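# Tertiary structure, described
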Amino acid sequence: LSAVSSNIQSLKRRFWLLRRKMYSGIRSVSLILIILTVCMVVYTANRSREAGEQRVAPNHKALLLTGIFDPPKADDGLTDLAKVASLQQQQGVHFDLISVYLPWGDQPQNFVPVAMMDSIYRNHSTPMITWEPWQNLFRGSSGQKDEHMLANITAGRYDDYIIRVAGQLRALNRPVFLRFAHEADNPFYPWSAAGGNTPEDFKAAWRYLHELFITHGAWNVIWVWNPWKPETAAAYFPGKAYVDWIGVTGLNYGRYNTAGRSFSFKQLYTPFHQLALNRQGIPVMIAEMGAVKDGQAQPAWLQAAVSSIRADFHEVKAIVLFNSAFDKNVPDQQAAMINWQQDSLGTMAAFTVKHHLPVAPAAAANR
C-alpha cells in the first residue's frame, strides 16, 4: 500500500509541475500577444491621425445592395452590360449585383459566360446566376416531356454537367450568387409539381448539388433559395445549412395580375416577412423586383417599396430590379409578354450603397 501511495504522490507532483509549465508558457505567449496588439493599435492610431482619417463602422442594419437584370433582347438571359454602364453614369446609381439566367443543357450557351463574369467584376459588381434546370435542352431530350428533373439530378444523371459548371464557378475565384431552380412551387416551370416533382425531390436535389459543389471546391458560391408562394415556402426549404440567402419575387403585375389590380410591395412581401423562416437570421434578397409599366407610376411604386424595406423589413439586404421588356411568364396568358422596364432609376440612386461586395483578384489574367 505504501508503494502505491508513493506512486500516486509522484504522479500528482509530476502533473503539478507540468501544469505549472503550461501556465507559465501561456502567460509568456499572452504577454507577447498583448505587447504586439498594443503596438499594432498605437501604430494604426498614429497612421490614422497622420492621414487625418475618420473611420466609421459600417451600418449593417442599413445595408441594401442594388442589382439589375436587363436583357438586350427576348430569349436572352444575359444582362446588357453596356446599358448598365450607361444607366450608372446617367442616373448616378451603382449596381452591386448583376443578374443573369443560365439554362441547363449541353450547348455552349448552357455554361458559365466567363468573359461576361469578368466584365461584371470589373464593374465592381457581383454576378447572380439564376440556374434553370431545363431537361429538354440536353441532346437526346429535345421534344420529350420535361418531367422528373429533380429526381434525375439526385440520381446522378447530370453529374458531368454539374461538375463542369461547379469548376467554372470555382475558377472565377470571386463571390458569385447562384439561384438554383427558382420558384420550384410555380407550375409555370417544369421543375415544379407540373413536371412531376415533389417538395422532397426539390430539397434532395438542392442538397445533392450543394454537396457536389463543396466536394469540388466551389466554396465561393453563395446559395440563394427562392420560393414562389409564402404558403408553400416551408415545404421547399432545404435547411439552414444549405441556404445563404432567401430570395423572394416582388413583382407587381398590375392589371395582368389574376386579381386584376395593383399591389404595393408591402402587400406582396408581408406574407413572406411573417414566415418563421425569416427568423433564422438568413438575409433576404428581392431577386426579381418591379412594377409593370402599363398604367402605373413606376417611380412612386419603387420609392414606396424602398421606404417599406427601410421601415419594416430589415431582413431585406438586397433588391434586384427585373428590368426586362420581354417577360413571357404572364398570368393567365393575358398578353404575349410583359414590359417591366423602369422609366427612371432616380430612386435607386437615392439609396445606392457606396460599399460594394468585395472583389477578389482574378484567377487568371486572360480567360
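Residues numbered from 1 in each chain as written. Predicted model: local features only at pLDDT ≥ 70, side-chain atom pairs only at ≥ 80, totals over all residues. Heavy atoms only, no water.

The next thing to look at is the packing of aromatic side chains. Enumeration according to the criterion identifies 29 aromatic pairs in this entry. Look at Phe138 and Tyr161: their rings are 5.5 Å apart centre to centre, the planes differ by 90°, and that puts the pair in the edge-to-face class. Taken together, the residues Phe138 in the loop between strand S3 (126–132) and helix H4 (149–154) and Tyr161 in helix H5 (residues 159–172) connect sequence positions 23 residues apart. Between the aromatic rings of Phe177 and Trp245, the centroid separation amounts to 5.7 Å while the plane-to-plane angle is 80°, which identifies the pairing as edge-to-face. Of this pair, Phe177 sits in strand S4 (residues 176–180) while Trp245 sits in strand S6 (residues 245–252), placing them 68 residues apart in sequence. Neither Phe177 nor Trp245 differs from the other in exposure class; each is buried. Here the aromatic cluster, defined as three or more aromatic residues joined through ring pairs, consists of Trp104, Phe111, Trp131, Phe138, Tyr158, Tyr161, Phe180, Phe202, Trp206, Phe213, Trp223 and Tyr236. The positively charged end of Arg164 is found above the aromatic ring belonging to Phe111, 3.9 Å away from the centroid. Stacked on the ring of Trp228, the Lys or Arg Lys229 has its end atom at 4.6 Å from the ring centre. (Phe/Tyr/Trp six-rings, centres within 6.5 Å; stacked < 30°, edge-to-face > 60°. Helix = DSSP H or I, 4+ residues; strand = E, 2+ residues; numbered from the N terminus. Buried < 20%, exposed > 50% of the residue type's maximum accessible area, 1.4 Å probe, protein only. Lys NZ or Arg CZ within 6 Å of the ring centre and 35° of its normal.)

Across the protein, the average pLDDT comes to 82, with 76% of residues at or above 70. The low-confidence segment residues 23–46, where pLDDT is below 50, has zero contacts with residues more than four positions distant or belonging to other chains. This stretch, residues 48–58, has a pLDDT under 50; its non-local contacts, to residues over four places away or in other chains, come to two contacts. (pLDDT = per-residue confidence, 0-100. Contact = heavy atoms within 4.5 Å.)

Attention shifts here to the sheet that holds strand S8 (residues 316–322). Strand pairing in a sheet relies on backbone hydrogen bonds. The paired strands run either parallel or antiparallel. Taken together, eight strands build a closed barrel; the order of strands is S1-S2-S3-S4-S5-S6-S7-S8 and the barrel is parallel. Each strand axis lies, on average, 30° off the axis of its neighbour in the sheet, ignoring direction. Both strand S1 (residues 65–69) and S8 contribute to a ladder of five bridges, which runs parallel. Counterpart to Gly67 in the pairing with S8 is Val320. The sheet contacts of helix H8 (residues 265–273) involve S6, strand S7 (284–291) and S8, and relative to S6 the element is tilted by about 150°. (Pairing = 2+ DSSP bridges. Axes fitted to C-alpha atoms, helices over the stretch in contact; angles between N-to-C directions.)

Time to look at helix H3 (residues 114–122). By the burial criterion, the buried members of H3 are Val114, Met116, Met117, Asp118, Ile120 and Tyr121. On its buried face, H3 is in contact with helix H2 (81–91), strand S2 (97–103), S3, H5 and S4. Just downstream of H3 lies His124, where phi reads positive at about 60°.

On to the pairing of S3, then. Across the seven residues of S3, seven count as buried, placing the element largely inside the fold. Of the two faces of S3, the one holding Thr126, Met128, Thr130 and Glu132 and the one holding Pro127, Ile129 and Trp131 are both buried throughout. Two elements, S2 and S3, share seven bridges in a ladder whose sense is parallel. Note that in S3 the partner of Ser99 across the bridge is Met128. With H3 bridging S2 and the parallel S3, this β-α-β connection has right-handed handedness. When S3 meets S4, the two strands line up parallel, connected through four bridges. (Right-handed = clockwise from strand over helix to strand, strands pointing away.)

The next point concerns the environment of Leu65. When you line up the elements, Leu65 lands in strand S1. In this structure, the C-alpha to C-alpha distance between Leu65 and His94, residues 29 residues apart in sequence, is 9.3 Å.

Attention shifts here to unusual backbone geometry. Of note, the phi angle at His148 is positive, near 55°, even though the residue is not glycine. With respect to the secondary-structure elements, His148 resides in the loop between S3 and H4. Even without glycine at this site, Ala181 takes up a positive phi of about 45°. Here Ala181 is to be found in the loop between S4 and helix H6 (199–215). Residue Ala181 is classed as buried on the basis of its relative accessible area, which comes to 1%.

It is possible for side chains bearing opposite charge to pair when their charged atoms get close. Enumeration according to the criterion identifies seven salt bridges in this entry. A salt bridge links Arg139 to Asp106, with the nearest nitrogen and oxygen atoms 3.7 Å apart. Linking Arg139 in the loop between S3 and H4 with Asp106 in the loop between S2 and H3, this pair joins segments that are 33 residues apart in sequence. Given a relative accessible area of 60%, Arg139 falls into the exposed group. For Asp106, a relative accessible area of 23% corresponds to the partly exposed category. Here Lys266 makes a salt bridge to Asp312, at a shortest N to O gap of 3.2 Å. (Salt bridge = Lys/Arg side-chain N within 4 Å of Asp/Glu carboxyl O.)

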